[in-house]
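# Understanding the architecture of this molecule
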Amino acid sequence: MGTNNTNRDVTPDPREQAATSLTFGRKGGCYVTKAVGVLLVILFVSATVATALLVYYFVPAVRSSAMHSARTGLSLTPTHNLPMPITGAKPDTSSVEKVLPSASVPQPESPAITASRAPTGTAGAATTYQHSDGDSPIRTDTHADKNLRTDGAKIPQEVTLAREGSETDPTAKRRPDVRLPKALKPLRYLLKLQPFVNGDFSIRGYVEVEMVVLEATSNITLHINNIITKNDTVRVMSSDDPLRREPIITHHTYDQERQFYIATLAEPLEVGKKYVLSMAYLAHLNTQLNGFYKSRYQHVDGTDRWVATTMFQPTAARRAFPCFDEPGLRTSFEVFLAREEHMTSLSNMPLLETYPMEGQPGWVWDHYPPSVPMSTYLVAFSVSDFKYIESSNHNNIIFRVWTREEVLDHAHYALKIGETILTFFERYFDVAFPLPKLDSIAVPEPVGGMENWGLVLYGEPSLLFKEGISSARNLQNTGFIVAHELAHQWFGNLVTPKWWTQLWLNEGFASFAMYIAVDQAEPAWRAKDQFIFEEVQSSFNIDCLENSHPIHLPVEHPDDINQIFDRVTYGKGSSIIRMMSHFLTEATFRSGLKNYLSALQFGNADQDDLWDFLTAAAHRDRTLPEWMTVKMIMDTWTLKMGYPVLHVVRSGDGTSATITQKRFLLGRRENESSGDNWWIPITYTSGDNPDFELTQPLTWMNDSGAPVVLSYLPEASHWVVFNLQQTGYYRVNYDHANWNLIAEQLLTNHHVIHVRNRAQIIDDAMDLARAGELSYATALRVLKYLSQETDYVPWASALDNLQYLHDMFTHTADYGALRKYLLDLVVPLYQSVGFWDDLQDPHLEQYKRVLAVQWACRLEYSHCVENSVTLFHNWMFNPANQSIISPNLRSTVYCTAVAAGGQSEWNFTWAQYLASSVGSEKQKLLGALGCTKKIWLLTRYLETAFSGAGGVRESEIYRAFTAVANNDMGRHLAWNYLRNNWQQIRDRKLYGMSSSVMTRTTGTFKTTTTLREMEAFKEEHEGNLGPLARDMKQALETVNNNIKWMDANYANIVEWITSMTTSN
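The residue count restarts for each chain, going from 1 along the sequence in the order it is written. Selection of residues for local features in this predicted model requires a pLDDT of at least 70, selection of side-chain atom pairs for listing and counting requires 80 or more, and totals for whole chains, interfaces and linings are taken over all residues. The basis for the side-chain values is all heavy atoms of the structure; hydrogens and waters are excluded.

## Considerations on the overall build of the protein chain
Condition: Strands are runs of DSSP state E lasting at least two residues, helices are runs of H or I lasting at least four, and both sets are numbered from the N terminus onward. Each residue gets one of three labels from its accessible area relative to the maximum for its type: buried under 20%, exposed over 50%, partly exposed in between, using a 1.4 Å probe on protein chains only. The contact criterion used is simple: two residues touch if any of their non-hydrogen atoms lie within 4.5 Å. For accessible areas, the Shrake-Rupley method is used with a probe of radius 1.4 Å. Any residue's cover is judged against the shown protein chains and nothing else.
Scanning the protein chain for helices and strands turns up 30 helices and 33 strands. Here the protein chain holds 1064 residues, and 59% of them are scored as buried. For the protein chain, the share of sequence-separated contacts (at least 6 apart) that also reach a separation of at least 24 residues comes to 74%. Carbon and sulfur atoms form 53% of the exposed surface of the protein chain, whose accessible area is close to 40,900 Å².

## So, the pairing of strand β5 (residues 202–213)
Filter applied, for reference: Here, strands pair whenever DSSP counts at least two bridges between them.
When you tally the buried positions in β5, you get twelve out of twelve residues, the bulk of the element. Neither face of β5 is exposed, since Ser202, Arg204, Tyr206, Glu208, Glu210 and Val212 on one face and Ile203, Gly205, Val207, Val209, Met211 and Val213 on the opposite face are all buried. Note that strand β4 (residues 184–195) and β5 share eleven bridges and pair antiparallel. By the bridge assignment for β5, Lys185 is matched with Val212. Taken together, β4 and the strand that follows it, β5, pair antiparallel across an intervening segment of six residues, in which Phe201 is found at a positive phi of about 70°. Examined bridge by bridge, β5 and strand β11 (residues 274–284) share eleven bridges and lie antiparallel to one another. Paired with Met211 across the bridge in β11 is Tyr275.

## Considering the state of the cysteines
Here is the rule we go by: In plain terms, two cysteine sulfur atoms within 2.5 Å form what is called a disulfide here.
One pass over the structure, following the stated rule, counts two disulfides. Through a disulfide, Cys857 is tied to Cys864; the S-S separation comes to 1.9 Å. The chirality of the disulfide connecting Cys857 with Cys864 is left-handed, given an S-S dihedral of about -95°. Each member of the pair, Cys857 as well as Cys864, carries the same accessibility label: buried.

## Notes on the environment of Ser538
Cut-off, in case you're wondering: Pairs of N or O atoms are called polar contacts if they sit within 3.5 Å, as long as, within protein, a hydrogen donor faces a hydrogen acceptor (for residues adjacent in sequence, only side-chain-to-side-chain pairs).
In this fold, Ser538 is placed in helix α8 (residues 527–543). Remark: the alpha-carbon pair of Ser538 and Asp800, spanning 262 residues in sequence, is separated by 9.6 Å. Here Ser538 is in contact with Phe533 and Arg567, once residues within four sequence places are set aside. Within the local environment of Ser538, its side chain forms a polar contact with the backbone oxygen of Glu534, the two atoms lying 2.6 Å apart. One polar contact links Ser538 to Arg567, side chain to side chain, over a distance of 2.9 Å.

## Side note on helix α18 (residues 815–833)
Just so we agree on the cut-off: In this scheme, a helix's expected span is set at 1.5 Å multiplied by one less than its residue total. Bend, at a single residue, is the angle you get between axes fitted to the 7 residues ending at that residue and the 7 residues starting at it.
For α18, with 19 residues, the first-to-last C-alpha span of 26 Å sits near the 27 Å given by 1.5 Å per residue. Maximal helix bending in α18 amounts to about 30°, located at Val826; proline Pro828 follows within four positions. Among the residues of α18, those classed as buried are Leu818, Tyr821, Leu822, Leu823, Leu825, Val826, Val827, Leu829, Tyr830 and Val833. Phi turns positive one or two residues past the end of α18, at Gly834, with a value near 80°.

## Focus on the pattern of salt bridges
Note the following rule: Counted as salt bridges are all cases of a side-chain nitrogen of Lys or Arg within 4 Å of a carboxyl oxygen of Asp or Glu.
Using the criterion set out here, one finds 47 salt bridges in the structure. A salt bridge links Arg188 to Glu208; the shortest N-O distance between them is 3.3 Å. In this pair, Arg188 sits in strand β4 while Glu208 sits in strand β5, placing the two residues 20 residues apart along the sequence. This pair shows no difference in class: Arg188 is buried, exactly as Glu208 is. As a salt-bridge pair, Asp255 and Arg258 come within 2.7 Å of each other at their nearest N and O atoms. On the basis of relative accessibility, which here comes to 6%, the residue Asp255 falls in the buried class. Overlapping salt bridges bring together Arg526, Asp529, Arg756 and Asp791 as one network.

## Here's the deal with the packing of helix α15 (residues 755–770) against helix α17 (residues 792–809)
Applied cut-off: Lines fitted to the C-alpha atoms define the axes, with helices restricted to the stretch that makes contact. Angles between their N-to-C directions range from 0 to 180 degrees. With respect to orientation, any angle under 35 degrees is reported as roughly parallel, any angle over 145 as roughly antiparallel, any angle of 65 to 115 as roughly perpendicular, and every other angle as oblique. Each helix crossing is assigned a hand: it is left-handed if the near helix lies turned anticlockwise from the far helix by less than a right angle, otherwise right-handed if that turn is clockwise. Only Asp, Glu, Lys and Arg are considered charged in this grouping, and only Ala, Val, Leu, Ile, Met, Phe, Trp, Tyr, Cys and Pro are considered nonpolar; every other residue, Gly among them, is considered polar.
For the pair α15 and α17, the least separation of the axes is 8 Å and the interaxial angle reads 10°. Between α15 and α17, the angle is such that the two are roughly parallel. As α15 packs across α17, the resulting crossing turns out to be right-handed. Between α15, through Val755, Arg758, Ala759, Ile762, Asp763, Met766, Asp767 and Arg770, and α17, the contact on the second element is made entirely by Val793, Pro794, Ser797, Ala798, Asn801, Leu802, Tyr804 and Leu805. Of the residues assigned to the contact of α15 with α17, the class counts are ten nonpolar, two polar and four charged.

## Here we look at the side chain of Ser239
Mapping Ser239 onto the fold places it in the loop between β8 (235–238) and β9 (249–255). What makes Ser239 buried here is its relative accessible area of 15%. Within the structure, Ser239 has its side chain in polar contact with the side chain of Glu210 (distance 2.8 Å).

All quantities given are derived from atomic positions and should not be read as evidence of function.
Here it is in structure tokens:
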């Protein structure tokens, strides 16, 4: 059956045929007057000028487009009569394979520049595009894009070129609506992909999507990006009646800005009927860790090998296959992956069968059965030569970890803890894992994890652990990220948000649940104690800015969606869930979760659905009164940005207190908004009978803003502490007398106060002082007890806050005074734990030593620096000996030695980076290379990293850049490099460089000169910042706050430090 594409094989108009037979002259032909002759001359000249103009404007664009396509090494040939199985039976693979070009493909080393188009008017003319290495998106020149119309006009080509979406025009007042029309709903997909992992990195694809019509429509709209559709293969058939006449496609359109492919039909589709759209297409394995991408590694035999895998969240499935790429459109996916016989493929479901590809010796099809219903962003594929280790001890669920063969023995801990945590979550949620297998694959890239259902993706540094090479931090990271991704198998996969506005339901719950699971699997890590510092307080640091955002944030455009994968979504999301679990009680909380997951499994939800189930459980268990709902409380935390600070002012005799709330901001606003109020669960205890375990609220403060008066407090000689175990997502400020009582208790016997509240008191005091809500004299007095503190968590909180003072005093005349103050705090801790590491110490004791050594060396304490340099030089003399430097101390030792040394130390570190095959070790070495004090070495490092020629992977450029930016000597160098090369960096879409790079680079700036530079940069690139737009605003706010802080506090702190030194 032929194609219905009207863009080709157009029958000439009879009038045009007649016109070609006209002759001019006197004999037997047409006669014209002199006036007509002059007119014809004028028309001829006009036509010549018009032709010249068209050639001038359009030929360079066509040539540029063709040249670019030629460099990319892909050839595309139209194919007709595609098979279209619509019953779920095994497709006729012999026909489908004919859709896909032969496996004999050009190698990427040969960038032959050949692009041809058949002569205009030739029936069945084929356009051939050649594509080479594939690092760049498939794209045409700007002028050629005029053929890709968004107004419904025909595309005068037989392919639709879907390229990377361009940035929004800075002059545009509003973005277009990027949501799909609601007329169609997908029912199932069948995908056939042949990725040429060992060839030109092209992907030959075929897709069928069955749809039901919800509203009458003449358009079928799918998402595509960086895909070439073969328009003459596109067919639409009725799946209700296969013999019914096919709907006629009148033209194909690609809406570049919205990433839409639109097939326009001659007649509307009927409501309630089902149709199947099928097409062949061409895509490409990219290097941007997005979509269906390739990753290179070096095999033990010295050869380069490639793995192809996927990262589709949030909007990149459309880069691998045309689809309805929205999370609310769940359905099943039947997948066929072509591979060479010596390789292995994986997908979400277990392998059903393997059979040879017709006409392609050495290639086979792997067939994966229809999946459970899921969103497009959870679909996953991989093709590699990886090996695996396996366990089948978990209720007949096959649990495997896949890695490259060289590091397979680094995967045992991930296998062990993964199986333990999967078992725990089934018990905790009381809902079984619904798939028969769970694969984890570690790619050789410095990425985190992706929760694809049944095929979880990790970066090697995140998943792999090898004793003697990896640190305690690496071990913990593995445990936490495995727990996070497995929690997603329920929150995100089993029940999926309706839209990305609800992203926090995914990431907040996974971030909360990973601590619960790890606390069960590794109780010695004290994960619940670490939550205070790692999640609550780290979220406070961003959420205290006016340019924060609510965790429930309406988003539409992909750039906006990408911006909310941040600390607020993850950290604040997990913190308010933890708060909720305490005010509801754990039993009620878990009961509500179970009912939510059971009722909505394989479906979509929003936060109101969760609130309803939790409210029902709370009313049943009477943990909330009937007039209160979870929605009433939690909407104040999810729909508003920021968080409150409670002001507790006790009466003269101490027996009562008045509590007020307001939003906490680092930079004060002149006009406070009266609408910034929350429902706050209030917990407290006192010095006369301290009990820090009562975390269910004793009373509530509502969102009216009205003060709360508490009675029956102890007399004024006893302290009170609010927000027990920092279960509430808020800060607490006290009157001066109560702060003094707390400080005195810490000095007398700090163990009376719970360790989590000690960390809370430190963090609240220091940030309240930073915001001008508390004097630094009071805040620093609270820290005086630290000489007696032996626990890691309060120390981590204290030193994180003191880092801000260190940053503000760096390069000032009084840095020496601050350094002495900090050394007086840190050296006793350093001496108590010692420089020399013991891997048998308790987990947090190892953490505490790392913290002490890091700070002692940072402050150039001679004992620390000398030991670090000595160890490093010993390693330089014997580089094969991996036991010279403890894995826990390597980051600090490497950085200290490179900073104290010169070119030889730097070159040695660089050589070790190139030689190492362990992902976590490479990350430590990359960080150390940015520690040198030699500006010329830092400059060379930046240029080498960004050049792509020095051995730094594209995905590691961000790590190299931030290493330089974190160096006091390199910070301005990094900033200047960023602003001078921004457009090239932006165009390359480098991993990590589009997230928080602005705040990481400029966060410690404190002068009006740098602020003006940043404002000029923002103005110059307004509209071209993409997902960095909010980060840029936060960076500007942070620097402005730093400038104000220097004016308000610098002199006072110098005076306080001087007085302390004098008194001692």
